[in-house]
Amino acid sequence: MKFAYRFSNLLGTVYRRGNLNFTCDGNAVISPVGNRVTVFDLKNNKSDTLPLATRYNVKCVGLSPDGRLAIIVDEGGDALLVSLVCRSVLHHFHFKGSVHSVSFSPNGRKFVVTKGNIAQMYHAPGKKREFNAFVLDKTYFGPYDETTCIDWTDDSRCFVVGSKDMSTWVFGAERWDNLIYYALGGHKDAIVACFFESNSLDLYSLSQDGVLCVWQCDTPPEGLRLKPPAGWKADLLQREEEEEEEEQEGDRETTIRGKATPAEEEKTGKVKYSRLAKYFFNKEGDFTNLTAAAFHKKSHLLVTGFASGIFHLHELPEFNLIHSLSISDQSITSVAINSSGDWIAFGCSGLGQLLVWEWQSESYVLKQQGHFNSMVTLAYSPDGQYIVTGGDDGKVKVWNTLSGFCFVTFTEHSSGVTGVTFTATGYVVVTSSMDGTVRAFDLHRYRNFRTFTSPRPTQFSCVAVDASGEIVSAGAQDSFEIFVWSMQTGRLLDVLSGHEGPISGLCFNPMKSILASASWDKTVRLWDMFDSWRTKETLALTSDALAVTFRPDGAELAVATLNSQITFWDPENAVQTGSIEGRHDLKTGRKELDKITAKHAAKGKAFTTLCYSADGQSILAGGMSRFVCIYHVREQILMKRFEISCNLSLDAMEEFLNRRKMTEFGNLALIDQDAGQEDGVAIPLPGVRKGEQRFLPHLPATRALCNCPGRCWAATTTEGLLIYSLDTRVLFDPFELDTSVTPGRVREALRQQDFTRAILMALRLNESKLVQEALEAVPRGEIEVVTSSLPELYVEKVLEFLASSFEVSRHLEFYLLWTHKLLMLHGQKLKSRAGTLLPVIQFLQKSIQRHLDDLSKLCSWNRYNMQYALAVSKQRGTKRSLEPLGSEEEEEASEDDSLHLLGGGGRDSEEGMLA
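The structure displayed is predicted, hence computed values, not measured ones.

1. Considering helix H8 (residues 792-805)
- The end-to-end C-alpha separation of H8 is 20 Å, in line with the 20 Å expected for 14 residues at 1.5 Å each.
- Those residues of H8 that sit buried are Tyr794, Val795, Val798, Leu799, Phe801, Leu802, Ala803 and Ser805.

Dropping the structure here:
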């Protein structure tokens, strides 16, 4: 088994904090999720997480006007310059302070960041290679408190900055002679957002108390004059500076200071602002804080979000209310509008919600929410298309692994979910919960069709379903019993007693009717389903058992214990075959409030979940650590260790405490640094109204699972559901290569129509483009002859290539024919190697099943359209026989209505019917 795994996607969490951005085409939303960034493609219904991570949680994201570059800034002030085209980090930079917002100019030449009470303008990175991508141009002083928001004019001549000191400042990107920098007042609370009007210096400012001020400028943007140099020396100096800026791209910094209240003589002949109007969002008795806003300049639409979860849509400058809706129970943290002004994105950090609303049709384009509390358990469907997760919030969510979206949420449980699993068919999800119920959900009708309960109230800690899907078992945490039900009738079949501690894990043997149960009483019991559920064997352990799992062929049993060991057993003979000591691999960090070191704290850590790989040669182990380990079972050695997060915003991520936080009065971590902010606590006393004391969440890998096709595995963490897949970016990975195998020889064999030799050489080079060229050159009638002459060793290579090609190729029938011939001619030989070929076969099944689902929906829709067309034509024929004298206009209208119902009529309708 190869371990070229890489981070693939992040599910389960769609938004944490920070600002949302739409891409230039308006079809995708860029959302910060913890210390990662996810792109939600709304047009193709797909989500993708960029393969990068910051040191702390992402605080703001700035997108360039052309959509090629993004600046991602975290809470610590570290910035990443990211190319959204090649999805890679181009440059690292540190702003030496916490950055609140970042914004590119419309022409893409500059960008501004707000940091502390200043605004800094940098030269934007160009398209050529540079030694330093971020060159500071100017620093603007003026506000007395932290700056909060930025907006640019359309011509990139000026930008406006809002501050928490209730003032708004207009600064120039160049040295304008008739523009002086002074504060615009009129507000009684912190500025949340400020926006320029289209092609104008008129602006709008919004404060946290729900007040909108409309400011009118007496000068158009074209009326701004550059400050002339004083004397010939200044002219010469300016010319030299311009030449130096062209050569060195402005390495020198300029400091500009504004005045809050300039003198009247200074205002003479300068740009002046006057307040035209002042509007209030809050009605009498309905006060709520304004938390986010966005403005679409072309359509003059203003979207405002409030702490109560309500958003308003107004038309400016008349302040006409167009729409108002409550979309969440928590505060709206971020608002964004796409380029066309049709879609509005909302982010709610309290619940982790991401919503995209189409205001004209009043419908949701996207509505996603992760688990409110941490995810506890997950399971892959047999074909690998779906992942089901259970959380402490009592919700069960089913995710599509291809799109990355949650398509159904079950809320029947009233307490935390402790276990989830799929049946063998993949269309039934069985869950256990601390509320004392085990529930079965149907993924066809999206309903809870079975609820299993115990005779007396108990809390279930785990659940398992046998290979046939007929027997459901669950372990109790308080009564130390195992309950067995029938899926068909819902009846309780038996109660298995014998354990003397809470049941920590259950697992059915995939090949036999044997149930393995692990308990805190330092035993694992094997129960025989066909022998009246008698205890077949009792395996004595050296410590409490935390997890148990069978190998895919059922010939081996793995148990994780509290002393950080993984023991392997032969279930037939009840003999231990090996053990792995994982104490040193579970590297844990030290919490900020821990009294002991990380080395001593690691002694109490252990693996809490196990999962075999598809071929059974390796095992994945995860626990209360930021690492997931892959061990080789036979050699009993560590093969690979994955660090699932490097986010320092989480607790226990560093091995040693930061001595800078240690003072003579204690640890500074005990002090709430964010007290007094809008989401913090002013005074940490009982009865405060702004929420609870903030804390750093710990990062446990509570569950890790390997995908059945063997090409990816997933782990639930505080960050969300992390998916790791095989790295397909390896371009050259030859197989039995020698000097006689070259791309030229492959194409020469194709010209000679020696297809078998060409395919074998292409497979030995193992270049996908060359293999595709060789396979597609084979005529349809000769596929059977070529497949029969392929050696058995190369059949697996061809099947793996076909499985990956189904996801991207349009030659569906051609590749299906190849697959059919290979399986028919080599099926018996492949069956003898079912254990090693299982990942390839199930990967192939997953790819074909996806096309089957898509085509079945299309065919059923076309069948309905044809039945409707036949019914309409039959009705018209009956009407003609009854009314021989019908007008031509009525017939044409009837034809138009029929075509409209069938999909719009014309050529498009015919193509849809023929599809």
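2. Details of the environment of Glu470
- With respect to the secondary-structure elements, Glu470 resides in the loop between strand S39 (460-465) and strand S40 (471-476).
- The spacing of Glu470 and Gly490 is 20 residues in sequence and 10.0 Å in space, taken between C-alpha atoms.
- If we skip the residues at most four places from it in the chain, Glu470 touches Trp485, Ser486, Met487 and Gln488.
- Reaching out from Glu470, the side chain makes a polar contact with the side chain of Gln488 at a distance of 3.5 Å.

3. What to know about the sheet that holds strand S29 (residues 353-358)
- With antiparallel pairing, the four strands of this open sheet are ordered in space as S27-S28-S29-S30. The sheet is open, and its two edges are formed by strand S27 (334-337) and strand S30 (363-369), each paired on a single side. The average angle at which neighbouring strand axes cross in this sheet is 10°, direction not considered.
- Looking at chain direction, S27 and strand S28 (residues 343-348) are connected through four bridges and run antiparallel. Each bridged residue has a counterpart across the sheet, and for Ser334 the counterpart in S28 is Gly347.

4. Here's the deal with the packing of aromatic side chains
- Tallying each qualifying case throughout the model produces 39 aromatic pairs.
- Here Phe93 and Phe134 contribute two aromatic rings whose centre-to-centre distance is 5.0 Å and whose plane-to-plane angle is 70°, an arrangement assigned as edge-to-face. Placement of the pair is Phe93 in strand S9 (residues 88-94) and Phe134 in the loop between strand S12 (118-123) and strand S13 (135-141), with a sequence separation of 41 residues.
- Residue Phe93 is classed as partly exposed on the basis of its relative accessible area, which comes to 21%.
- Classification of Phe134 by relative accessible area gives buried; the value is 2%.
- Seen in terms of ring centroids, Phe111 and Tyr122 are 5.3 Å apart; in terms of plane orientation they differ by 10°. Their pairing is stacked. Here the residue Phe111 occupies a position in strand S11 (residues 110-115), and Tyr122 occupies one in strand S12, the gap between them amounting to 11 residues.
- Exposure remark for Tyr122: the relative accessible area of 4% places this residue in the buried category.
- Among the aromatic residues, those joined into a ring-pair cluster are Phe93, Phe95, Phe104, Phe111, Tyr122 and Phe134.
- One cation-aromatic arrangement involves Lys640 over Phe642; the distance from NZ or CZ to the ring centre is 5.7 Å.

5. Observations concerning the nonpolar core
- Judged by nonpolar contacts, the single largest core of 38 residues is most densely connected at Ile759, Leu799, Leu802, Trp818 and Leu822.
- Taken together, the elements giving at least two residues each to this core come down to helix H4 (743-751), helix H5 (755-765), helix H6 (768-776), helix H7 (783-788), H8, helix H9 (812-831) and helix H10 (834-882).
- Not counting residues up to four positions away in its chain, the partners in contact with Trp818 are Ile759, Leu775, Val778, Ile783, Val786, Thr787 and Leu802.
- Grouped together as the second largest cluster of nonpolar side chains are 34 residues, Cys149, Ile150, Trp152 and Leu224 included.

6. A few points about the side chain of Ser513
- As for its placement among the helices and strands, Ser513 is situated in the loop between strand S43 (503-508) and strand S44 (514-519).
- Residue classification places Ser513 among the buried residues on the basis of a relative accessible area of 13%.

7. Brief notes about H5
- When you tally the buried positions in H5, you get 10 out of 11 residues, the bulk of the element.
- Along H5, the residues that are buried comprise Phe755, Thr756, Ala758, Ile759, Leu760, Met761, Ala762, Leu763, Arg764 and Leu765.
- Once H5 finishes, Asn766 follows within two positions and takes phi at roughly 60°, a positive value.

8. Comments concerning the pattern of salt bridges
- Throughout the structure, instances matching the rule amount to 22 salt bridges.
- Measuring nitrogen to oxygen at the nearest pair gives 2.9 Å for the salt bridge that ties Glu75 to Arg17. Here the residue Glu75 occupies a position in the loop between strand S7 (69-74) and strand S8 (78-83), and Arg17 occupies one in the loop between strand S1 (5-11) and strand S2 (21-22), the gap between them amounting to 58 residues.
- On the basis of relative accessible area, Glu75 is assigned to the partly exposed category, the value being 25%.

9. Concerning the UniProt feature "repeat: WD" (unreviewed entry) in the protein
- Feature annotation in UniProt assigns "repeat: WD" (unreviewed entry) to the following positions: residues 184-216, 368-400, 410-451 and 496-529.
- Along residues 184-216, the helical share is 0% and the strand share 55%, with 11 Å between the first and last C-alpha atoms.
- Within residues 496-529, the helical portion is 0% and the strand portion 56%, while the C-alpha atoms at the span's ends are 11 Å from each other.

10. A look at the packing of H5 against H6
- One way to put it is that H5 packs onto H6 with a least axis distance of 8 Å and a crossing angle of 165°. In this view, H5 runs roughly antiparallel relative to H6, as classed from their interaxial angle. Handedness of the H5/H6 crossing: left-handed. Here Ala758, Ile759, Ala762, Leu763 and Leu765 of H5 come into contact with H6, specifically with Leu770, Val771, Ala774 and Leu775.
- Its residues assigned to classes, the contact of H5 with H6 comprises nine nonpolar, no polar and no charged.

11. So, the pairing of S30
- Note that S29 and S30 share six bridges and pair antiparallel. Residue Gln353 lies in a different strand from S30, and its bridge partner there is Gln369.
- Count of turn residues in the S29/S30 antiparallel hairpin: four residues, of which Glu362 carries a positive phi of about 55°.

12. Observations concerning the sheet that holds strand S22 (residues 273-280)
- Spatial ordering of the open sheet is given by S18-S19-S20-S22, a layout of four strands whose pairing is antiparallel. The open sheet has two edge strands with one neighbour each: strand S18 (191-196) and S22. Strand-to-strand twist of the sheet, defined as the mean angle between neighbouring strand axes without regard to direction, takes the value 20°.
- The sheet contact formed by strand S20 (residues 211-217) and S22 spans seven bridges and is antiparallel. If you follow Cys213 over to S22, its bridge partner there is Lys278.

13. Comments concerning the pairing of S12
- Most of S12 is tucked away, with six of its six residues classed as buried.
- Burial along S12 is two-sided: the face carrying Ile118, Gln120 and Tyr122 and the face carrying Ala119, Met121 and His123 are both buried.
- The sheet contact formed by S11 and S12 spans six bridges and is antiparallel. Residue pairing for S12: Thr114 is matched across the bridge by Ala119.
- The loop that links S11 with its antiparallel partner S12 comprises two residues; one of these, Gly116, has a positive phi angle of about 65°.
- Relative to S13, S12 runs antiparallel, the two sharing five bridges. Within S13, the position partnered with Met121 by the bridge is Lys138.

Criteria and cut-off values
- Residues numbered from 1 in each chain as written.
- Predicted model: local features only at pLDDT ≥ 70, side-chain atom pairs only at ≥ 80, totals over all residues.
- Heavy atoms only, no water.
- Helix = DSSP H or I, 4+ residues; strand = E, 2+ residues; numbered from the N terminus.
- Expected span 1.5 Å × (residues − 1).
- Buried < 20%, exposed > 50% of the residue type's maximum accessible area, 1.4 Å probe, protein only.
- Contact = heavy atoms within 4.5 Å.
- Polar contact = N/O pair within 3.5 Å; in protein donor to acceptor, adjacent residues only side chain to side chain.
- Pairing = 2+ DSSP bridges.
- Axes fitted to C-alpha atoms, helices over the stretch in contact; angles between N-to-C directions.
- Phe/Tyr/Trp six-rings, centres within 6.5 Å; stacked < 30°, edge-to-face > 60°.
- Lys NZ or Arg CZ within 6 Å of the ring centre and 35° of its normal.
- Core = buried A, V, L, I, M, F, W, Y, C linked by side-chain atoms within 4.5 Å.
- Salt bridge = Lys/Arg side-chain N within 4 Å of Asp/Glu carboxyl O.
- UniProt positions renumbered as here; feature names shortened; annotations may be inferred.
- Parallel < 35°, antiparallel > 145°, perpendicular 65-115°, else oblique.
- Left-handed = near helix turned anticlockwise from the far one by under 90°.
- Nonpolar A, V, L, I, M, F, W, Y, C, P; charged D, E, K, R; others polar.

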